[in-house]
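Chain residues, written in single-letter form:
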Amino acid sequence: MLSIDQLLSHFNPLTGEIPGAPMVKRHLSDLRGCFADVRAFDAAAAAGNPLLYSVAAVEPASGAGDLHYGAGLLMPGKIGDEYYMTKGHLHAWREAAEFYIGLTGEGMMLLEDEASGESRMLPLRPNGVVYVPGHTAHRTMNVGQTPLTYIGVYPAKAGHDYGAIAEKNFRCVVVERNGQPTLLERTSL
């Protein structure tokens, strides 16, 4: 039986922190190869190594029907015209779906169907929910001026496959055009 600490947790919707939960922090250098504009990335990396995002995860159990969740904080900023983003991933158990619940800020999610390569850009805003189907790569971008925070809920056995994304990246990117987030083919940049 799970303890009370495993059944009940609290999170800070402004910082994405969960007391007692391990936190992964990703800096600019951790996202080498994610941004399409290599020159802009190199210039930004030469100027420093800012924190782009962090995720605190609660993983109480790993049974077939159990759930895990993570609280994320994604900072505002851009590399060239591309917004700060997460690395993005597929689930190791490809059938696993996930819910993202927006808490603060203004974000977008890039979803890419693994089989067809079809890409979609969906808003992630406070009190909004984005459903990520199985077999779908997903990445979060902060398209606003303030930190973006969110909760992601996924099956305990989902796992994270970052390698598939690192190998071929996403087919599309989200860039600022005329002051708005715009979905473009990576090859068109």
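Residues numbered from 1 in each chain as written. Predicted model: local features only at pLDDT ≥ 70, side-chain atom pairs only at ≥ 80, totals over all residues. Heavy atoms only, no water.

1. Focus on the environment of R171
Counting through the fold element by element, R171 comes out in the loop between α3 (163-168) and β12 (172-177). The partly exposed category is assigned to R171, whose relative accessible area is 32%. When residues no more than four places from it in sequence are discounted, the contact partners of R171 are E112, G117, E118, S119, E185 and R186. (Helix = DSSP H or I, 4+ residues; strand = E, 2+ residues; numbered from the N terminus. Buried < 20%, exposed > 50% of the residue type's maximum accessible area, 1.4 Å probe, protein only. Contact = heavy atoms within 4.5 Å.)

2. Looking at unusual backbone geometry
The phi dihedral of H135 falls on the positive side, at around 60 degrees, and the residue is not glycine. The residue H135 is located in the loop between β9 (129-132) and β10 (136-142) in this model. On the basis of relative accessibility, which here comes to 36%, the residue H135 falls in the partly exposed class. For N169, which is not glycine, the phi torsion reads 60 degrees and is therefore positive. Within the secondary structure, N169 is located in the loop between α3 and β12. By relative accessible area, N169 is classed as buried at 10%.

3. Topic: the sheet that holds strand β3 (residues 67-74)
Reading across the sheet, the six strands line up as β1-β2-β3-β11-β6-β9 and stay open at both edges, with antiparallel pairing between neighbours. This sheet does not close on itself; its edge strands, each paired only once, are β1 (23-27) and β9. The mean angle between the axes of side-by-side strands here comes to 20 degrees, regardless of whether they run parallel or antiparallel. Relative to strand β11 (residues 148-155), strand β6 (residues 98-104) runs antiparallel, the two sharing five bridges. Each residue of the ladder has a partner; that of T104, found in β11, is T149. (Pairing = 2+ DSSP bridges. Axes fitted to C-alpha atoms, helices over the stretch in contact; angles between N-to-C directions.)

Any functional reading would require information beyond the geometric quantities listed.
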